[in-house]
Amino acid sequence: MIGARVNAKGSRVAAEVAVVGGGPSGLVTAIALATAGIDTVLIAPKPEDDHRTTALLAGSVTALATLGVWETCRPLAAPLVSIRIVDDTRRLLRAPEIVFTAAEIGLDAFGYNIENRHLIGALYERARQLQIEHIAAPALAVTCDRAGITINLAENEVRARLVVGADGQHSLCRTAAGIASDRRTYPQTALTLNLEHGRAHDNTTTEFHTERGPFTLVPLPGRRSSLVCVLDPSAAAELFAMNDNDLAADLERRAHSLLGPMRVEPGRGLFPLAVETARSFARDRIALVGEAAHVVPPIGAQGLNLGLRDAATLAEIVADAQRRSVDVGSSGVLAHYETSRLADVTSRRLAIDLLNRSLLADFLPVQGIRGLSLFLIDRVGPLRRALMREGVAPAASQPRLMRGEMV
Ligand SMILES: Cc1cc2nc3c(=O)[nH]c(=O)nc-3n(C[C@H](O)[C@H](O)[C@H](O)COP(=O)(O)OP(=O)(O)OC[C@H]3O[C@@H](n4cnc5c(N)ncnc54)[C@H](O)[C@@H]3O)c2cc1C
């Protein structure tokens, strides 16, 4: 503990760890640290409305259950029992339709889909129960020195040994640590919205792969689904601007009426697709988690699942350091975090990038290889099951929380 804790205007708040950013990655990090008894302060302005949903894979669900968050989420989430992939391209070499079921790998569900607003609400509720100190203001500057790190806010400042940069794609913490990132944009934008529909989804996610990107319907409780429709930016903007009835009819056509007539719910979003990776995940008493460290396109529900594995891994390493009375912001702790996350983040990024590019490629041999790969995945049982297991619980990263153990 550095100095005294006084949280008044003009004062200095002190904590062992300061988490900057109240998105899901930051909240899970703060909760995991607090449950391990680490003095943690959360610096997070009020969250903006987010109408997106997140497909949380089995490991993330286990982690949330271990942290005491899942019981609030469960009634608001839909299980993902099957995943159907349909090649909806008009190309010469098309892949076969594939259906994966969770039972094939001994699970009841691959994961659960939940609206981000419900997930974030449940995380804030748990943070309150754990009495995590929350300062509802943005960090304005972060400066590191030999003994600790200071976060300047508009009205006061926070002093800690470690800052967790969970402040998203345009991370102030990443800049403060002098960490550059590699960013590439795709000629694609995701339109997101939630729908009611006439037919039951049977807890099956359906991904139509089109020449412009995936069109994915993910179950929500009842006869509702969330949609992520990836298109070129002008086509996405056109759909975004349509009135509800025209848009519902257009989406029903794109979904081949699989779920019957549709009704569009309020709250549409447009997200330009990009892939971005920080060149380092930690430096100068700052460790990056979630989109501050890596952004991947919304294909295969990997983004936040990666972010939660960052959170779980970092909390575990920090808790171990504190038990050994090691400075939690020391370069050894940061290096351990970085090496622990590299393989998982790199392998996911490469796989998602490859899949997305193979969809966009007009080059016939690439389409052939993609079709053949999907054919083999469909027909070769061990390959199919290995892929499903890897998708849900990566061999490269199984932090304790994802195995149902406390950090
Ligand atoms: C269309 C779409 C669909 C997706 N679907 C899935 C899915 O199904 N499954 C999945 O795993 N992932 C999915 N993702 C990815 C997922 O949404 C992101 O990985 C996730 O939102 C990142 O969370 P985060 O907490 O790292 O960042 P964010 O959610 O961006 O949170 C960052 C927070 O930091 C705060 N902040 C910023 N600057 C400061 C500052 N200076 N001081 C304090 N706070 C600050 C912001 O206000 C914000 O609250 C999807 C993404 C998109 C675009």
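Scroll up to find the structure this text is about.
Definitions and cut-offs
Residues numbered from 1 in each chain as written. Predicted model: local features only at pLDDT ≥ 70, side-chain atom pairs only at ≥ 80, totals over all residues. Heavy atoms only, no water. 1 Å grid on protein atoms, 1.4 Å probe; cavity = no way out; pocket = protein on both sides within 12 Å on 5 of 7 lines; lining within 4 Å. Points joined across faces, edges and corners; volume = space filled by probe spheres on them. Helix = DSSP H or I, 4+ residues; strand = E, 2+ residues; numbered from the N terminus. Pairing = 2+ DSSP bridges. Axes fitted to C-alpha atoms, helices over the stretch in contact; angles between N-to-C directions. Near = heavy atom within 4 Å. Polar contact = N/O pair within 3.5 Å; in protein donor to acceptor, adjacent residues only side chain to side chain. Areas by Shrake-Rupley, 256 points an atom, 1.4 Å probe, with all protein chains shown as cover. Parallel < 35°, antiparallel > 145°, perpendicular 65-115°, else oblique. Left-handed = near helix turned anticlockwise from the far one by under 90°. Contact = heavy atoms within 4.5 Å. Nonpolar A, V, L, I, M, F, W, Y, C, P; charged D, E, K, R; others polar. Salt bridge = Lys/Arg side-chain N within 4 Å of Asp/Glu carboxyl O. Buried < 20%, exposed > 50% of the residue type's maximum accessible area, 1.4 Å probe, protein only.

Participant: Explain empty space enclosed by the protein to me, and be specific about the residues and the numbers.
Facilitator: Taken as a whole and judged by the stated rule, the model has 1 cavity of 30 Å³ or more. Approximately 50 Å³ is the volume attributed to the largest cavity. For the largest cavity, the full set of lining residues is Leu57, Gly59, Ser60, Asn305, Arg309, Val392, Ala393, Pro394, Ser397, Gln398 and Met402. Counting only elements with at least two residues in the lining of the largest cavity, the list comes to α2 (58-66) and α8 (303-323).

Participant: Describe the sheet that holds strand β11 (residues 149-152), naming the residues involved and giving the relevant values.
Facilitator: Strand pairing within a sheet occurs via backbone hydrogen bonds; the two strands may be parallel or antiparallel. Pairing is mixed across the open sheet formed by 4 strands, whose spatial order is β1-β12-β11-β10. For this open sheet the edge positions go to β1 (12-14) and β10 (141-144), each flanked by a neighbour on one side alone. Going across the sheet, the axis of each strand differs from the next one's by a mean of 20 degrees, ignoring polarity. Pairing of β11 with strand β12 (residues 157-160) involves 4 bridges; the strand directions are antiparallel. Across the sheet, Thr150 pairs through a bridge with Arg159, a residue of β12.

Participant: Would you mind going over the site of the ligand in detail, with residue names and values included?
Facilitator: In the vicinity of the ligand there are 27 residues, among which Ser25, Ala55, Glu291, Leu304 and Asn305 approach most closely. In this structure, an oxygen atom belonging to the ligand sits 3.3 Å away from a main-chain N or O atom of Pro24. Ala55 is positioned such that a nitrogen or oxygen atom in its backbone is 2.9 Å from an oxygen atom of the ligand. Protein contacts shield 83% of the accessible area of the ligand, which totals 1,000 Å² for the unbound molecule. For the shell around the ligand, the elements supplying multiple residues, two or more each, are α1 (24-35), β4 (53-57) and α8.

Participant: Summarise the packing of α1 against helix α4 (residues 116-129); cite the residues concerned and give the values.
Facilitator: Interhelical geometry of α1 versus α4 gives an angle of 25 degrees and a closest axis separation of 10 Å. Considered as vectors, α1 and α4 are oriented roughly parallel to each other. Considering only the axes of α1 and α4, their crossing is left-handed. Across the interface between the two elements, Pro24, Leu27, Val28 and Ile31 from α1 touch Leu119, Ile120, Leu123, Tyr124, Arg126 and Ala127 from α4. By residue class, the composition of the contact of α1 with α4 is 9 nonpolar, no polar and 1 charged.

Participant: Explain the pattern of salt bridges to me, and be specific about the residues and the numbers.
Facilitator: In total, this model carries 27 salt bridges according to the counting rule given. Between Arg128 and Glu125 there is a salt bridge whose closest N-O contact spans 3.3 Å. Taken together, the residues Arg128 and Glu125, both in helix α4 and 3 residues apart, mark about one turn of the helix. A relative accessible area of 54% places Arg128 in the exposed class.

Participant: Residues and numbers for the packing of α1 against α8, please.
Facilitator: Contact geometry for α1 and α8: axes closest at 9 Å, N-to-C directions at 25 degrees. Taken as axis vectors, α1 and α8 run roughly parallel relative to one another. As for the relative orientation of α1 and α8, their crossing is right-handed in sense. Residue-level contacts link Pro24, Ser25, Val28, Thr29, Ala32 and Leu33 of α1 to Leu304, Gly307, Leu308, Ala311, Leu314, Ala315 and Val318 of α8. Grouping the constituent residues of the contact of α1 with α8 by class yields 10 nonpolar, 3 polar and no charged.

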